[in-house]
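# Structural characterization, general
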Amino acid sequence: MQSLLRWSVENSTPNQGDMPPPPQRRDIDPGIIDHILGKPDAQLMREALEIAVDPSNDEDARMAALDDLEMLVENIDNANGTVHPAADTVRSSYWLTDLKKLNMWEPLHLLLSAATTTDPLKTQTLWVIGTALQNNPAAQLTYLTLDPLPAILSSLSPNSNSAKTRSKAMYALSGLLKHNAQAVRQLSETDGWHTFRSALEDSDIGVRRKAAFLLNSLLMPTSGGTWSAPADMHTPLSANAPVHANSHASMVSDPESASTTSATMEALQRESRTEGSSLMDSLVSALVEPVPFGPDGECEKDTEFQENLLRLFHTFSVQCSGTFTDVQKHTLRSFLGSTEPATDELGLSAEELRALQNAIA
C-alpha cells in the first residue's frame, strides 16, 4: 500500500497555476503495477477462458474458470470502457476492452455449441454469455454475427438440458433480444418463436416466469418514436460526451434499432401451421390451464408466473392496442370473473385491471 501511495504521489500533477504539467513517465514496468494492483482484468479474462475451453483440464477447473470469467465480465465496466484512474498511464489499454477485442466470443460460442460440452459446462457458458450481453448493444451485434440463436434455442429443450441450463439459456436469450430489433428479426427468420410455447410448459417454473417476462419486455413500445434508455443502461452523460460503441447512445438517435414491438406483436398473433393456434393462444392457455410443474408435477399455480402473463396481456391490449380473438376474450373474462378481485395477486393496479377488462369486454 505504501508503494502504491508513493507511486501515486510521484505521478500526480500538482497545482502549479499556468505551468505545464510534467511529462508522464514511460519507464514504469507494467509488471510492478501488476504486482501492486493485481493482474489487469483483461488478462484474467483471457486466462480464465483458456482454462475453460481446454478439454485436457478437469471439469471442476473449467467450471471454476467460467465462474471467474462471469464475475469479471459482470464487474468490469466494459459498457463504458472505463479507465481505472489509479493506473491511467500504464493500464488504459487493458481497461478499454470488451469480449470482441479480446477475441473471446468465438471460443465461448464454440464451447456452447460443441457436442462434447457437458450440461454443467453449458450452463456456466450460457451464464457468461448472458451476462456479457446484458445492456450491451455492441456485444449483441457482435455475437449475432456467429448465428447464436440455434445453439441458445436448442439449450432450452428439456429433452437434453437440465433445468439450470434451460434457465440460463433463457437468460442468454433475453440478453440477446432485449432492445435489439435485428436479433428479434433473426428470431423470426429462424422460426424461433415456437420455442416459447414449450418454455411456457417447462417443468421448471423459473423458465416459465422468464419466458413470460421476456415476451412482455419485447412488447414494450417506444414512446412517440423516441427511445429512452432505462436507468441501468449506459448513455452519454452530456451531448458532448463521447459515444462508446457499446453504449446505448446509438439507440437514442435510432429508436427503430431498439424497437421490438412490431415483430413481437406479429409473432404473438400469427397462427402456427403445425400447431393450428397462435402464441397468444398458448399464453392464454398457460394462464387459465397451466401444465403442472415441479419435479413430479405436483404444483399447479404460481403467482409470479400468473402476474407476468397478466402484465403481458395488459401491455398487448392497452399499451400496444392489440386485439384478442373472441375465444381469447371469452377465456380471459371467465378467468378474471372466477378470480376474486384481489389485485395484489394479479400484479395489476385497479386502474390497469379495469383497462384490461375493457379490452376483453
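Residues numbered from 1 in each chain as written. Predicted model: local features only at pLDDT ≥ 70, side-chain atom pairs only at ≥ 80, totals over all residues. Heavy atoms only, no water.

### Brief notes about the overall build of the chain
Looking only at helices and strands, one finds 20 helices and zero strands in the chain. Considering only residue pairs separated by 6 or more positions, the chain has 71% of its internal contacts joining residues 24 or more positions apart. Counting only carbon and sulfur atoms, one obtains 51% of the accessible surface of the chain, whose full area is about 18700 Å². (Helix = DSSP H or I, 4+ residues; strand = E, 2+ residues; numbered from the N terminus. Contact = heavy atoms within 4.5 Å. Areas by Shrake-Rupley, 256 points an atom, 1.4 Å probe, with all protein chains shown as cover.)

### Quick word on helix α17 (residues 303-319)
With 17 residues, α17 extends 23 Å from end C-alpha to end C-alpha; this agrees with the ideal 24 Å at 1.5 Å per step. Every buried residue of α17 is accounted for by F305, Q306, N308, L309, L310, L312, F313, H314, T315, F316 and S317. By the N-cap criterion, in which a side-chain oxygen at the helix start approaches the backbone nitrogen of a residue two or three places on, α17 is capped by D302, the distance to E304 being 3.4 Å. In the segment just after α17, S321 is the residue with positive phi, at about 55°. (Expected span 1.5 Å × (residues − 1). Buried < 20%, exposed > 50% of the residue type's maximum accessible area, 1.4 Å probe, protein only. Polar contact = N/O pair within 3.5 Å; in protein donor to acceptor, adjacent residues only side chain to side chain.)

### Some words on the packing of aromatic side chains
This structure, assessed with the given rule, holds four aromatic pairs. What links up through ring pairs into an aromatic cluster is the set F313, F316 and F324. One residue, K168, lies across the ring of W127, its end atom 4.1 Å from the ring centre. The positively charged end of K168 is found above the aromatic ring belonging to Y171, 5.6 Å away from the centroid. (Phe/Tyr/Trp six-rings, centres within 6.5 Å; stacked < 30°, edge-to-face > 60°. Lys NZ or Arg CZ within 6 Å of the ring centre and 35° of its normal.)

### Brief notes about the packing of helix α13 (residues 205-219) against helix α15 (residues 261-269)
Where α13 contacts α15, the axes come no closer than 7 Å and their chain directions differ by 125°. In terms of orientation, α13 lies oblique with respect to α15. Facing L215, L218 and L219 of α13, the residues of α15 in contact are T261, T264, M265 and L268. Of the residues in the contact of α13 with α15, the class split is five nonpolar, two polar and no charged. (Axes fitted to C-alpha atoms, helices over the stretch in contact; angles between N-to-C directions. Parallel < 35°, antiparallel > 145°, perpendicular 65-115°, else oblique. Nonpolar A, V, L, I, M, F, W, Y, C, P; charged D, E, K, R; others polar.)

### Details of the environment of E271
One can find E271 in the loop between α15 and α16 (279-288). For E271, the contacting residues outside a window of four places in its chain are G276, S277 and S278.

### Focus on the packing of α16 against helix α18 (residues 326-338)
The interhelical angle for the contact between α16 and α18, taken along N-to-C directions, is 20°, at an axis separation of 10 Å. As far as their axial angle goes, α18 and α16 are roughly parallel. Here α16 and α18 pass one another in a crossing that is left-handed. Residues M280, D281, V284, L287 and V288 of α16 lie in contact with α18, whose contacting residues are Q328, T331, L332 and F335. Classifying every residue of the contact of α16 with α18 by side-chain character gives six nonpolar, two polar and one charged. (Left-handed = near helix turned anticlockwise from the far one by under 90°.)

### A closer look at the nonpolar core
Membership of the largest hydrophobic core comes to 78 residues, with the highest contact counts inside it found for L173, F196 and F313. Counting residues per element, this core draws most heavily on α13, at eight residues. Setting aside anything within four residues of it in sequence, one finds F196 in contact with M170, L173, L187, A211, L214, L215 and L279. (Core = buried A, V, L, I, M, F, W, Y, C linked by side-chain atoms within 4.5 Å.)

### Some remarks on the side chain of T261
Residue position: T261 is located in helix α15. Owing to a relative accessible area of 11%, T261 belongs among the buried residues under this scheme. Setting aside chain neighbours within four positions, we find T261 in contact with L218, L219, M220, P221, T222 and C320.

### A look at the pattern of salt bridges
Counting across every chain of the model gives five salt bridges. With a shortest N-O distance of 2.7 Å, D202 and R166 are connected by a salt bridge. Here R166 lies in helix α10 (residues 163-177) and D202 lies in the loop between α12 (194-199) and α13, a separation of 36 residues in the sequence. You can call R166 buried: its relative accessible area is 5%. Notably, a salt bridge pairs D302 with R209, separated by 2.6 Å at the nearest N-O pair. Of the two residues, D302 sits in the loop between α16 and α17 while R209 sits in helix α13, which places them 93 residues apart along the sequence. Exposure remark for D302: the relative accessible area of 13% places this residue in the buried category. You can call R209 partly exposed: its relative accessible area is 25%. Each of R209, D302 and E304 takes part in a single network of salt bridges with overlapping partners. (Salt bridge = Lys/Arg side-chain N within 4 Å of Asp/Glu carboxyl O.)

### Notes on the environment of W105
For W105, the position within the fold is in helix α6 (residues 105-113). Using a relative accessible area of 5% as the deciding quantity, one classes W105 as buried. In sequence terms W105 and T142 are 37 residues apart; their C-alpha atoms lie 8.1 Å from each other. If we skip the residues at most four places from it in the chain, W105 touches L99, K100, I129, A132, L133, A139, T142, Y143 and L146.

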